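Here is how the chains run, residue by residue.
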Amino acid sequence: MSDRSSLRRPATTATSGGPRGGGVTDDEQFAEAPIPSPPSQSAAKHGRLGDRVFAGFATGAGVFMVVLIAAIGIFLLIQAIPPLADNKASFLFSRTWNADPADLNFGVLDLLLVTVFSSVFALVIAMPVSLGIALFLTQYAPRRAARPLAYLVDLLAAVPSIIYGLWGLEVLAPALSGFSVWLNENLGWIPIFADGNVSAQIGQTIFVAGIVLAVMLLPIITAVSREVFDRTPTPHLEGAIALGATKWEVIRTTVLPFGRPGYISASMLGLGRALGETIALLIILSTTTQFFGWSLFDGGDTIASKIARASAEFNDPKAAGAYVAAGLVLFALTFVVNAAARAIVAGHKEYE
Amino acid sequence: MKINRHASVLGAVLAAGALVLSACGSDNNTAGGSTSGAGAPAPTGTAQVDCGGKKALTAEGSTAQKGAMEAFIAAYGQKCQGYQLAYNPTGSGNGVKNFTGGQVDFGGSDSALKKDKGEVDAAAKRCKGNPAWNLPLVFGPVAIVYNNKDAQELTLTGELAAKIFSGAITDWSDPAIAAANGGKALPAKKITVVFRADESGTTDNFQKYLSAAGKGAWTKDAGKKFNGGVGQGAQGSAGVADAVAAGDGAIAYAEWSYAQDKNLAMAKIDSGSGPVELNAQTAGVAIQSAKVKGTGNDLELDLKSLYSSNTPGAYPLVLATYEIVCSKGYDADTAKAVKAFLTVAATDAQGQLQEAGYVPLPNQFQSKLLTAIQAIS
């Protein structure tokens, strides 16, 4: 029953962003069709001009990607090494940031903690909501309504992040002010709701920033999860229904197990986006002179927002290099997150 | 990015539009009509402007004078039909750099040219061996804004402000605040200091003010980065204004236009001669009282004398921004156009400044500027 080729499909369609919300017939084709052999092999066999040109183009594009990533990594390294050599503080474990070229004393730990904390908080909000949206669109909504609704969700991704930032600052922060203060006063004994280093009432906090981030993640996680859930093999669904399963049981026994790797992979894509999000956080988050203290009502800077905030003063190569070094950490972090996503997907393939 | 800034720019544009309409009726009555501030030092209306020369001037620099520049450009285009100026608000540093590099016709800067950084010499070189002049043409008051529902009015001294913004005073009920406000103590509430998270000339000038007027209470450096070591930073003046509007107990500094847009309460400043509120007139009095440090037509201001002045009725916390021009060394076309533009800016355009959050030039100061502008060749 559990055909391997059909199981592997979600991961590949997920990352390549293939056709969305295909009809039922489409699904069946996708579920049953064997994986076509890569075009490069047939090009070598037949050697027709079109094949060769296209194979060359595709290979070139693939190589270009790898070279690009390597070039970015090398650029970051070259820029980062001189200031790192002059750095008086421990780059990875110091929490102060002073990129004054005369007195380089910078550590990335505080920025890293804020980055990860705000992104994980955003993910915790966005994952269940996205799951709900994706299940609704694929399983509950009538087909005719599902498509326009899916477009609406995709539209969220088209909103520029600066708009999200302004919305967070001008609308969401004041609107959540009372709720934040209430959370802080009544649930303050939970560390993440404890008194932060900025005012919860003003609301330029990780709490508000994380909620805005979560909204920004919704379309990404939803779009990919929807694809995956949509490709649940119809025989699985029909089998479950024939056994007398309710809608929820069908979803629990067929849709979710089938889509889980894709959903997790989608969430990791979202996490990558959240880690790198810059301008919305730059606008919303308050900077502070104190260290990050594991509260949602802290302010601070993420790695990306710190770089953006300082970009106006990049007139000294060493000072700029210090920020590039921070960027390198973000680069590595995103790399690790993506690798983890791959590992999770691969792991699921093994035992399902 | 800055909705409020856009709103104020829109205001300036509307004002310019209104001016265009009213100008249809009577040609020589431009400035008087739109200045509403009663008793504001009225800038003299129009001047004889000798339009001509280069059709399209370029200037670059300070973001703090962007709004004023937009008013100037509108007035210039109206007074000298077919002539225009493009102002690129990229920051004071770039303004000076591109002026001395000969990229733009004049620069806008929050600070005068600095000798020790070689800017004076570089500018002289650009002006073919003639000195460059610092003309303080745009004055933007900085408001100390606060949000405390228990305090309808608040008076601060320079010393008190220095203590609050450096964390020496942390509660609104502090007896020092009560002493400056007629002895009435405010209910206890934590003071949340909000500062600019990005680098800003406003922060620089505010810290200079605290160090000049703080009677030694401000021990930190000046500079474009806030050095007080307390509170939380918000991005841009818009972010600061939003934070103060939202947080009961917050206090911050922001350009006047932002304080007006958000209807924030502004503290009066008592420099030793009684509390003075911020308006065009009181800021004008302070500008009038400022000493000029430059020689001849170089009108570099002695900010220390401005910030520490205790002239009665003067609101001293004013950000002065300069136009940096060549005294000589322009080609004839450029010189003529620069003179025409600056003349319009110092006269006709003054009437619209207040709506954009700037202070119109006081009379006496205006004539000094006009003398300098006329001397450009």
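On a predicted model such as this, the values are computed, not experimentally measured, just so you know. (Residues numbered from 1 in each chain as written. Chains lettered and ligands numbered in written order. Predicted model: local features only at pLDDT ≥ 70, side-chain atom pairs only at ≥ 80, totals over all residues. Heavy atoms only, no water.)

### What to know about the environment of A:Gly196
All names here are of chain A. Following the sequence through the fold, glycine 196 ends up in the loop between α7 (161-186) and α8 (206-230). For the pair formed by glycine 196 and serine 295, sequence separation is 99 residues and the distance between their alpha carbons is 5.5 Å. For glycine 196, the residues in contact, after removing those within four places along its chain, are Ser295, Phe297 and Asp298. (Helix = DSSP H or I, 4+ residues; strand = E, 2+ residues; numbered from the N terminus. Contact = heavy atoms within 4.5 Å.)

### Things to note about the UniProt feature "transmembrane region" (unreviewed entry) in chain A
When the UniProt feature table is mapped onto this chain numbering, "transmembrane region" (unreviewed entry) sits at residues 53-78, 111-137, 149-167, 202-224, 278-297 and 320-341 of chain A. Within residues 111-137 of chain A, the helical portion is 100% and the strand portion 0%, while the C-alpha atoms at the span's ends are 37 Å from each other. (UniProt positions renumbered as here; feature names shortened; annotations may be inferred.)

### Focus: the sheet that holds strand β10 (residues 268-270) of chain B
Residue and element names in this part refer to chain B. Pairing within the open sheet is mixed, and its 3 strands lie in the order β5-β10-β11. What marks the edges here is a single partner per strand, and that holds for β5 (155-157) and β11 (275-276). Looking at chain direction, β5 and β10 are connected through 3 bridges and run parallel. Counterpart to threonine 155 in the pairing with β10 is lysine 268. (Pairing = 2+ DSSP bridges.)

### Comments concerning the packing of aromatic side chains
Tallied over the full model, the rule gives 26 aromatic pairs over all chains. Ring geometry for A:Phe179 and A:Trp182: centres 6.3 Å apart, planes at 10°, overall stacked. Separated by 3 residues within a single helix, A:Phe179 and A:Trp182 lie in helix α7, roughly one turn from each other. Looking at A:Phe179, the relative accessible area reads 41%, which means it is partly exposed. Judged by relative accessible area, A:Trp182 falls into the partly exposed class, the value being 46%. Judged by centre distance (5.8 Å) and plane angle (90°), the ring pair of B:Tyr209 and B:Tyr307 falls under edge-to-face. With B:Tyr209 in helix α8 (residues 201-213) and B:Tyr307 in helix α12 (residues 303-307), this pair connects stretches of sequence that are 98 residues apart. Both residues of the pair, B:Tyr209 and B:Tyr307, belong to the buried class. Each member of the aromatic cluster is reached from another via a ring pair, and the members are A:Phe121, A:Phe179, A:Trp182, A:Phe193, A:Phe207 and A:Phe297. The side chain of A:Lys247 reaches across the aromatic face of A:Tyr140, ending 5.7 Å from its centre. The cationic tip of B:Lys55 hangs over the ring face of B:Tyr83; the distance from NZ or CZ to the ring centre is 4.6 Å. (Phe/Tyr/Trp six-rings, centres within 6.5 Å; stacked < 30°, edge-to-face > 60°. Buried < 20%, exposed > 50% of the residue type's maximum accessible area, 1.4 Å probe, protein only. Lys NZ or Arg CZ within 6 Å of the ring centre and 35° of its normal.)

### Describing the pattern of salt bridges
All names here are of chain B. Counted by the stated rule, this structure contains 21 salt bridges over all chains. Between lysine 189 and aspartate 248 there is a salt bridge, with its nearest N and O atoms 2.8 Å apart. Of the two residues, lysine 189 is situated in the loop between α7 (175-180) and β6 (192-196) and aspartate 248 in the loop between α9 (236-246) and β8 (250-255); the sequence distance between them amounts to 59 residues. Residues lysine 189 and aspartate 248 agree in their burial class; the two are buried. Between arginine 196 and aspartate 198 there is a salt bridge; the shortest N-O distance is 3.0 Å. Grouping residues by exposure puts arginine 196 and aspartate 198 together as buried. (Salt bridge = Lys/Arg side-chain N within 4 Å of Asp/Glu carboxyl O.)

### Concerning the pairing of β6(B)
Residues and elements named next belong to chain B. By the criterion of burial, β6 is predominantly enclosed, with 5 of the 5 residues buried. Bridge count between β6 and β8: 3 bridges; the pairing is parallel. Across the sheet, the residue bridging to valine 193 is isoleucine 251, located in β8. Relative to strand β7 (residues 232-234), β6 runs parallel, the two being bridged by 3 bridges. Bridge assignment links phenylalanine 195 to a residue of β7, and that residue is glycine 233. Handedness of the β-α-β unit built from β6, α8 and β7 comes out right-handed. (Right-handed = clockwise from strand over helix to strand, strands pointing away.)

### Things to note about the side chain of A:Ser161
Within the fold, A:Ser161 resides in helix α7. There is a polar contact of 3.4 Å between the side chain of A:Ser161 and the side chain of A:Glu277. (Polar contact = N/O pair within 3.5 Å; in protein donor to acceptor, adjacent residues only side chain to side chain.)

### Focus: the interface of chain B and chain A
Think of interface size as the accessible area that goes away when the parts come together; that is how it is often given. Opposite the 21 residues of chain B that make contact, chain A presents 18 residues. A buried area of about 1600 Å², summed over both sides, lies between chain B and chain A, and 52% of it is on carbon and sulfur atoms. Linking chain B to chain A there are 1 salt bridge. Across the salt bridge formed by B:Lys262 and A:Glu170, the nearest N and O atoms sit 3.6 Å from each other. Taken together, the links from chain B to chain A amount to 8 residue pairs in polar contact (both at pLDDT 80 or more). For the side of chain B that touches chain A, the secondary-structure elements that each account for two or more residues are β6, β7 and α9 of chain B. Top element by residues in the side of chain B that touches chain A is α9(B). It accounts for 4 residues. Pairing between strand β3 (residues 287-288) of chain A and β7(B): 2 bridges, direction antiparallel. Across the sheet, residue A:Thr287 finds its bridge partner in β7(B), namely B:Gly233. (Buried area = accessible area lost by both parts, 1.4 Å probe.)

### Topic: a nonpolar patch on the surface
Residue and element names in this part refer to chain A. A contiguous nonpolar surface patch, about 620 Å² in accessible area, is contributed by Phe136, Tyr140, Leu149, Leu152, Leu155 and Trp248. Every element with two or more residues in the nonpolar patch is listed here: α5 (109-140) and α6 (143-158). Following the sequence through the fold, phenylalanine 136 ends up in helix α5. (Patch = residues over 30% accessible without salt bridge, like charges linked within 9 Å, V, L, I, M, F, W, Y side chains within 5 Å. Areas by Shrake-Rupley, 256 points an atom, 1.4 Å probe, with all protein chains shown as cover.)

### Considering the domain arrangement of chain B
Residue and element names in this part refer to chain B. One can read the domain layout of chain B as domain 1 (14-140 + 291-300 + 321-375) and domain 2 (142-286). Between domain 1 and domain 2, the contact holds 14 residues from the first and 11 residues from the second. Summing both partners gives a buried area of about 870 Å² for domain 1 against domain 2, and 59% of it is carried by carbon and sulfur. The largest share of the area that domain 1 buries against domain 2 comes from Asp110, Gly357 and Val359, three residues that together contribute 38% of it. Summed over the shared surface of domain 1 and domain 2, the result is 0 salt bridges. Linking domain 1 with domain 2 are 0 residue pairs in polar contact (both at pLDDT 80 or more), by the criterion used here. (Domains from an automatic or database assignment.)

### Quick look at the layout of surface pockets
Once rolled over the atoms, a probe with the size of a water molecule shows which space is left empty. Its volume calculated, the second largest pocket comes out at about 600 Å³. In this structure, the second largest pocket is lined by 26 residues; those nearest its centre are A:Gly196, A:Val198, A:Ser199, B:Lys190 and B:Thr192. No other element matches the 3 residues that α7(A) contributes to the lining of the second largest pocket. Taken together, the residues that form the lining of the second largest pocket break down as 10 nonpolar, 11 polar and 5 charged. (1 Å grid on protein atoms, 1.4 Å probe; cavity = no way out; pocket = protein on both sides within 12 Å on 5 of 7 lines; lining within 4 Å. Points joined across faces, edges and corners; volume = space filled by probe spheres on them. Nonpolar A, V, L, I, M, F, W, Y, C, P; charged D, E, K, R; others polar.)

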